[in-house]
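# Working through the structure, step by step
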Amino acid sequence: MSRRIAIVEDEPAIRGNYVDVLRKQGYEVAAHGNRADALAAFRTRLPDLAVVDIGLGDDIDGGFALCRELRAMSATVPIIFLSARDSDFDIVAGLRLGADDYLTKDVSLPHLLARIAALFRRSDLLATPQASEEILERGPLTLDLKRLTAHWAGKRVDLTLTEFWMVHALARFPGHVKDRDGLMHDAKIVVDDSTITSHIKRIRKKFMVLDAKFDCIETVYGMGYRWK
Amino acid sequence: MIRARIALGIRAQLLLVLTVFLAIPWLGYEYVRELERFLRDSQERTLAGTAQAVATALHDRPQLFEVRAAPLDTLPSERASDDVTLRPGAALETPESPEIGQILHGLSRTTARIWVVDRDQHVLARAGSLRHPSAASAGSAAEGSSISRFGAWLDREALQPLYSKVLQQPTEEFSDERSGGAVAAGRDVEGALAGILTIDRRPTADGRAIIVSAAHPIWVGDEVKGAVIVEETTNAALAERNRAFARLFNIVLAALLVGSVALTLYASWLSSRIRRLRDEAEAAIDARGRVRRPLAGSNARDEIGDLSRSFGSALARLTEYASYQEAMASRLSHELRTPIAVVRSSVDNLALQPLPGDARVYIERAQQGLSRLANIITRISEATRLEESLAEAERERFDLARVVAGCVDGYRAAYRDQVFDLRGPSGEVPFYGAPELIAQMLDKLCANAVEFAAPATPIIVALKHEENAVALEVANEGPPLPAKMQGRLFDSMVSVRQNRGDGEPHLGLGLYIVRLIAEFHGGRASAANRDDVQGVTVSVVLPRVRAVR
């Protein structure tokens, strides 16, 4: 059974390109140009994954509302925001609504495909309870590379895909400094330095919710970050 | 220098306008002359009246003229009596006609000199004198407050001498050709003897006084038997005129003085307001032409208040425009993202197609161009994102020296061809701020220095630890700053780079980011040419003692 991806994007050219490339990859694609159409389609049948733009025509925050509604219908369906907006405010707002990732539109199609594949893998493996053998352990940190999940002292850390890849890139070689370009490469994103900084900040905060003394991600000024 | 010119301007102009009021003394002078004419007329009328009155007493009394008049030269005592001050009745010591003398006696207390002559112009009687003791100089001793005493002193020392130059002063020192006891043949006497009331005005021989005389015929029946001549100097009228003139002048002078002082004060106040407005307007815009702070429009309801308010609104519009310009970059990057996504996804799609070999080349070029474009947008958004993130940046206490040293280590790794020379204090430099921002700022400073550095020259990164501030300086050798750009280097989208064709976008945002971070820490960024070698030093001064927000 092929996977079904919903694309909600108001710009027809981009929508068409995404539909084409995803279909070529063997996915079943439903494309919607506005929030009402998308919502009607979701009510009929939930997609396996949704790629949602935030601004939908005149509905400047339509994507946010759609994400909230979709999340209300299903707690597990992966949602990726794909937007031209790159402010911290939008990223935080989007992730808070339960999206699994937030990408800006300058992401390349191969990167987008990689993310979609990774998210599918994660949702598949979450459904199957058996233990995965690909586990990375660093002290209290446990990364399940198949399921793309992170645990800190046995408790689940709710990381987005981008954040997970960053934590993985850092924790793989503790003590080694990972510069920003390296982090971008590993997380398959192209953003500016201060976006990396805010990603790191968000990751630290997520760990600190579980452990107030968390300080494993160290900033090495002028170079990058490293896992202690 | 501009200030002095402006201040002088308004005050001088108002004082110039004030000279219009100098016409007032002239008008006053005209008025006083009118008054003098009136006084003279009334003096003439009075004299004529007196002459008529005396003549009336003597009409139709022929016996009075029976006595032979004395010859002209037989009145030596008369001569003497004219030279001394008035003694009542002195003129009547040897009356030629005792009876007439008797009648005149009662009139001798007037200020006039009265003669009675017969037809042959022989003097029959005389009374009174032309000379009178000065009545003015009496009184007004040193009494009253010091101000009035000062006023009196000023009047005596400065004004009166001035007036006496302008106005003719009455004097009792004059020669009187009629003092000889005889009435010289004058127009008045002749007229009276011809039977007509005649009024005459003649100067004394030495010209120091003017004598007004009225002559009235004395009738006995239809025959003119003699004449009454009443004479008086114009001194009294003159003195009266002078007094009026002096009083008027004193008042006008005082009014002018008070007026000009008040106007000068007013002009000073006015020009000080204008100057303050100008200073405010100058202070509101800094050397880079950016609005430093809005102008607090004055509440005054006059034109200057209006001016300051319209200055204020003009500055507000300028601020809006500037922020619009700065927001341009953000909007631009946002608007460009969607079409770029269209192109990128299309090219990526194309790349996934089976294509002939030469088509791949074009796709690769298109992708290169796209990644350059994406790079530009990333840089633009870095500046705008920084502006946003500054609002929620968290400050902490950290060792600035360690951050700087770490950064420089990073640059040594990143720019392997470049020598970095770190000069800083050995110990800790505690600082309160956002370390990532400081690192980002140093990134930009060093990237900038590397770009301009001449090959094989060191880049000096200096951290200077002062009492109240830290200074972070990054110096390189290379081309000096173009003079006209010096003030604008730290503005958004300002770049002094020559186009080197190396494909790297030069958006002029690096130093703008430096400025934003420096200003966030309450500091200031500046750039200057180096003194020792040709090159540029960009320095950032950050105040160290900073209250926790």
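Computed from a predicted structure; not experimentally measured. (Residues numbered from 1 in each chain as written. Chains lettered and ligands numbered in written order. Predicted model: local features only at pLDDT ≥ 70, side-chain atom pairs only at ≥ 80, totals over all residues.)

## Some remarks on the sheet that holds strand β5 (residues 101-104) of chain A
The pairing of strands in a sheet happens through backbone hydrogen bonds and is either parallel or antiparallel. Residues and elements named next belong to chain A. Taken in spatial order, the 5 strands of this open sheet run β2-β1-β3-β4-β5, and their pairing is parallel. Strands with a single pairing partner mark the edges of an open sheet, and in this sheet they are β2 (28-32) and β5. Each strand axis lies, on average, 20 degrees off the axis of its neighbour in the sheet, ignoring direction. By the bridge criterion, 4 bridges tie strand β4 (residues 79-83) to β5 in an arrangement that is parallel. If you follow Ile-80 over to β5, its bridge partner there is Asp-101. Sitting on the sheet, helix α2 (residues 35-44) is in contact with β1 (4-8) and β2, with an inclination near 140 degrees to β2. (Pairing = 2+ DSSP bridges. Helix = DSSP H or I, 4+ residues; strand = E, 2+ residues; numbered from the N terminus. Axes fitted to C-alpha atoms, helices over the stretch in contact; angles between N-to-C directions. Contact = placed C-beta atoms within 7 Å.)

## What to know about the nonpolar core
Nonpolar side chains in soluble globular proteins tend to be buried together. A:Ile5, A:Val52 and A:Val167 are the most contacted members of the largest nonpolar core, which has 61 residues in total. Two domains each put at least three residues into this core: domain 1 (4-126) and domain 2 (131-227) of chain A. With near-sequence residues (within four places) excluded, A:Val167 lies in contact with A:Leu143, A:Ala150, A:Leu159 and A:Ile203. Judged by nonpolar contacts, the second largest core, of 46 residues, contains B:Ile377, B:Ala383, B:Leu400 and B:Ala439. (Core = buried A, V, L, I, M, F, W, Y, C linked by C-beta atoms within 7 Å. Buried ≥ 20, exposed ≤ 12 C-beta atoms within 10 Å, placed from the backbone. Domains from an automatic or database assignment.)

## Overview of the sheet that holds strand β11 (residues 217-220) of chain A
Within the open sheet, the 3 strands sit side by side as β10-β12-β11 (chain A). Their pairing is antiparallel. Two strands bound the open sheet, and with one partner strand each, they are β10 (178-179) and β11 of chain A.

## Thoughts on the confidence of the model for chain A
Overall, the predicted model of chain A reaches an average pLDDT of 85, with 96% of residues at or above 70. Per-element confidence in chain A ranges from a low mean pLDDT of 82 for helix α7 (residues 180-186) of chain A to a high of 94 for β1(A). (pLDDT = per-residue confidence, 0-100.)

## Thoughts on the packing of helix α11 (residues 435-452) of chain B against helix α12 (residues 510-520) of chain B
How two helices pack is summed up by the angle between their axes together with the distance between the axes. Residues and elements named next belong to chain B. As a packed pair, α11 and α12 sit with axes 9 Å apart at the nearest point and diverge in direction by 145 degrees. The two elements α11 and α12 cross, and the hand of that crossing is left-handed. For the pair α11 and α12, contact is made by Leu-437, Gln-440, Met-441, Lys-444, Leu-445, Ala-447 and Asn-448 and by Gly-510, Leu-511, Ile-513, Val-514, Ile-517, Ala-518 and Phe-520, respectively. Taken together, the residues of the contact of α11 with α12 sort by class into 10 nonpolar, 3 polar and 1 charged. (Left-handed = near helix turned anticlockwise from the far one by under 90°. Nonpolar A, V, L, I, M, F, W, Y, C, P; charged D, E, K, R; others polar.)

## Observations concerning the interface of chain B and chain A
Taken residue by residue, the interface counts 33 residues in chain B and 32 residues in chain A. Elements represented by at least two residues in the side of chain B that touches chain A include exactly α8 (303-351), α9 (357-391), α10 (400-414) and α11 of chain B. Here the side of chain B that touches chain A takes 11 residues from α8(B), the largest share from any one element. Per-class residue counts for the side of chain B that touches chain A are 14 nonpolar, 11 polar and 8 charged.

## Some details on the pairing of β11(A)
The pairing of β11(A) with strand β12 (residues 224-227) of chain A spans 4 bridges and is classified as antiparallel. Note that in β12(A) the partner of A:Val220 across the bridge is A:Gly224.

## Observations concerning the environment of B:Ala527
Residues and elements named next belong to chain B. Tracing the backbone through its elements, the reader meets Ala-527 in strand β11 (residues 524-529). Residue Ala-527 is classed as partly exposed on the basis of its 19 C-beta neighbours within 10 Å. Residues Ala-527 and Glu-473, 54 residues apart in the sequence, show an inter-C-alpha distance of 9.4 Å.

## Regarding the pairing of strand β5 (residues 223-233) of chain B
Residues and elements named next belong to chain B. For β5, the buried fraction is high: 9 of the 11 residues fall into the buried class. In terms of strand pairing, strand β1 (residues 113-118) meets β5 through 6 bridges, oriented antiparallel. What sits directly across from Arg-113, in β5, is Glu-231. Pairing analysis gives 10 bridges linking strand β4 (residues 210-220) to β5, with the strands arranged antiparallel.

## Concerning unusual backbone geometry
Positive phi is not limited to glycine here, since A:Ala153 has a value of about 55 degrees. Within the fold, A:Ala153 resides in the loop between β8 (149-152) and β9 (155-157). With 12 C-beta atoms packed within 10 Å, A:Ala153 lands in the exposed category. Unusually for a residue other than glycine, B:Ala456 sits at a positive phi of about 60 degrees. Structurally, the position occupied by B:Ala456 is in the loop between α11 and β9 (458-465).

## Section: the packing of helix α6 (residues 161-172) of chain A against helix α8 (residues 193-210) of chain A
All names here are of chain A. Across the interface, α6 lies against α8 with an axial gap of 10 Å and an inter-helix angle of 85 degrees. Considering their axes alone, α6 and α8 lie roughly perpendicular with respect to each other. Contacts from Thr-162, Glu-163, Met-166 and Val-167 in α6 reach His-199, Arg-202 and Ile-203 in α8. (Parallel < 35°, antiparallel > 145°, perpendicular 65-115°, else oblique.)

## Brief notes about the environment of B:Leu481
All names here are of chain B. Looking at the secondary structure, you find Leu-481 in the loop between β10 (469-477) and α12. The class for Leu-481 is partly exposed, based on 17 C-beta atoms found within 10 Å. C-alpha separation for the pair Leu-481 and Ala-527, spaced 46 residues apart in sequence, amounts to 8.4 Å.

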